[in-house]
Amino acid sequence: MSEDGTRSIDGYTSEDGGDVSTERPLLNRRLNGFGTTIFAEMSALATTTGAINLGQGFPDTDGPEAIREAAVRALREGKGNQYPPGPGVPELRAAISAHQERFHGLSPDPDTEVLVTAGATEAIAAAMLALLEPGDEVIAFEPFYDSYTACIAMAGAKHVPLTLRAPSFRPDLDELRSKITPRTRLLLLNTPHNPTGTVLTREELTAIAALAVERDLLVVTDEVYEHLVYDDSAHIPIATFPGMHERTVTISSAGKTFSFTGWKVGWITGSSALVAAVRTAKQYLTYVSSGPFQYAIAEALHLPETYFDGIRADMRRKRDLLGDGLRAAGFEVYQPQGTYFITTDITPLGEKDAYAFCRTLPERCGVVAIPNSVFYDDPDAGRSQVRFAFCKQDDVLHEATNRLRRLAS
Ligand SMILES: *Cc1c(COP(=O)(O)O)cnc(C)c1O
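The model shown is predicted, which means the values in this text are computed figures rather than measured ones. (Residues numbered from 1 in each chain as written. Predicted model: local features only at pLDDT ≥ 70, side-chain atom pairs only at ≥ 80, totals over all residues. Heavy atoms only, no water.)

A few words now on the pairing of strand β7 (residues 184–190). Burial analysis of β7 places six of its seven residues in the buried class, the great majority of the element. Pairing analysis gives four bridges linking strand β5 (residues 137–142) to β7, with the strands arranged parallel. Among the inter-strand pairings, Ala-140 is bridged to a residue of β7, identified as Leu-188. Where β7 meets strand β8 (residues 218–222), five bridges bridge the pair, whose relative direction is parallel. (Buried < 20%, exposed > 50% of the residue type's maximum accessible area, 1.4 Å probe, protein only. Helix = DSSP H or I, 4+ residues; strand = E, 2+ residues; numbered from the N terminus. Pairing = 2+ DSSP bridges.)

Okay, structure coming up:
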């Protein structure tokens, strides 16, 4: 309440302090402008038109049968059917730690440096709510995964975009430096990056880490595509760089790596102080989730190298299949180094507006895609970019690209 008795949120004051139910919008100021996510809108369009959905990034084939069976077994054996421990079941925390060690040489203490969350989504929310004060600034790559801006806003902080520009979508590190102010608290990274497929290089990560140390910033890094990296690119967690352990919250998830996006098993790793802070927020969000699935994902994380090599090879092939098809249909294709998305430009098709294009695409071609413009603060920046997901069966990708070829004629 402000002095005159009206409510004030971030400078917003209801006109006369009268009947709030009519004077004041129901949705709070912080979430003003966050309508239905584009994924819900476009997936609904896919359903009503029967179009092929290359919009939302979920695989159309489930993950390994042995892991599904592990979930069934856990359910039958009564493992995780009641509230699991707050930080996650011990088997899963140990498996997360062992996986970090096996692939990245990190060895978080399963008891104090690992926290299981309801997917990476909750991890992002809990990290923002735990680590930010109102008025803090958060620098994040743009185009951005849409939950970032919403979570930063819910924490009352300010999102400062660092635009990755076509065609290379590399971060401009001088620009990054210039955006750091005394209010900057945190860098929110995402590598491999959704939607551009950019994988940060060792050189880029070295520079970003040095900057974080120099300016005493926290880093929250979303690495849910850590295993979906192609060609000569390699995923290196920024937590492995000097001075980063104590300032980095690393987020990952089973959804993308094991093709079980509905199970919502995610996690964070980091120093015990950071994990304790994020746990404080997380325990009042879901408290716990995904009980039996936690046991199954513990087994998944111990799968042999052949599994991880296999999914990477499979996705790489799909990337090339869809990329070739999109090129043939007349799109400009930006080759992704990671993730399961391809960002394209529709200008060569004589199109300008990605959002308008995506709204009519289901009717014109029977395909759904996502306009990248919604992932920018300034929609003009990504005005002509469209994202396609390739985590679909080969015949679905073939059919989709055949349909899209209509655009070329
Ligand atoms: C899919 C995705 C998430 C969400 O992960 P869940 O584990 O399903 O919550 C987070 N970040 C990025 C970049 C994603 O693409």
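That was the structure; now back to the text.
To continue, consider the side chain of Ser-97. Here Ser-97 lies in helix α4 (residues 90–104). Look at Ser-97 and you get buried, because its relative accessible area is 9%. Setting aside residues no more than four positions away along its own chain, Ser-97 makes contact with Leu-106, Ser-107, Pro-108 and Pro-110. (Contact = heavy atoms within 4.5 Å.)

Of note, Asp-324 is situated in helix α12 (residues 305–328). For Asp-324 and Phe-34, which are 290 residues apart along the polypeptide, the C-alpha to C-alpha distance reads 35 Å.

For the rest of this paragraph, the subject is the pairing of strand β10 (residues 265–269). In terms of burial, β10 is a largely internal element, five of the five residues being buried. Residue alternation in β10 divides its side chains into two sets, Val-265, Trp-267 and Thr-269 and Gly-266 and Ile-268, and both sets are buried. For strand β4 (residues 114–118) and β10, the ladder comprises five bridges, and the chain directions are antiparallel. Of the residues in β10, the one forming a bridge with Val-116 is Trp-267.

Within the largest apolar cluster, 97 residues are counted, with the highest numbers of intra-cluster contacts made by Met-128, Phe-258, Ile-297, Phe-331, Phe-388 and Leu-404. Among residues more than four places away in sequence, those in contact with Leu-404 are Leu-326, Ala-329, Phe-331, Leu-361, Cys-365, Val-367 and Phe-388. Val-160, Leu-164, Ile-238 and Phe-241 belong to the second largest nonpolar core, which has 24 residues in total. (Core = buried A, V, L, I, M, F, W, Y, C linked by side-chain atoms within 4.5 Å.)

On to the sheet that holds strand β12 (residues 341–345), then. Neighbouring strands of a sheet are bound in pairs by backbone hydrogen bonds; such pairs are parallel or else antiparallel. Strands sit in the order β11-β12-β15-β14 across an open sheet of four strands; the sheet is antiparallel. Single-partner strands in this sheet number two, and they are β11 (332–334) and β14 (370–371). Across five bridges, β12 lies against strand β15 (residues 385–389) in antiparallel orientation. Paired with Phe-341 across the two strands is Ala-389, which belongs to β15.

The full set of residues close to the ligand is Gly-119, Ala-120, Thr-121, Tyr-145, Asn-190, Asn-194, Asp-222, Val-224, Tyr-225, Ser-253, Lys-256 and Lys-264. Interatomic distance of 2.6 Å between a side-chain N/O atom of Thr-121 and an oxygen atom of the ligand. Counting residues per element, the shell around the ligand draws most heavily on helix α5 (residues 119–131), which supplies three residues. Taken together, the residues of the shell around the ligand sort by class into four nonpolar, five polar and three charged. (Near = heavy atom within 4 Å. Polar contact = N/O pair within 3.5 Å; in protein donor to acceptor, adjacent residues only side chain to side chain. Nonpolar A, V, L, I, M, F, W, Y, C, P; charged D, E, K, R; others polar.)

Moving on: the confidence of the model for the protein chain. It should be kept in mind that the predicted coordinates are not to be read in detail where pLDDT is low. Of the residues in the protein chain, 95% have a pLDDT of 70 or more, and the chain-wide mean is 93. Note on residues 1–17: pLDDT is under 50 here. Beyond four places in sequence and across chains, it has 21 contacts. (pLDDT = per-residue confidence, 0-100.)

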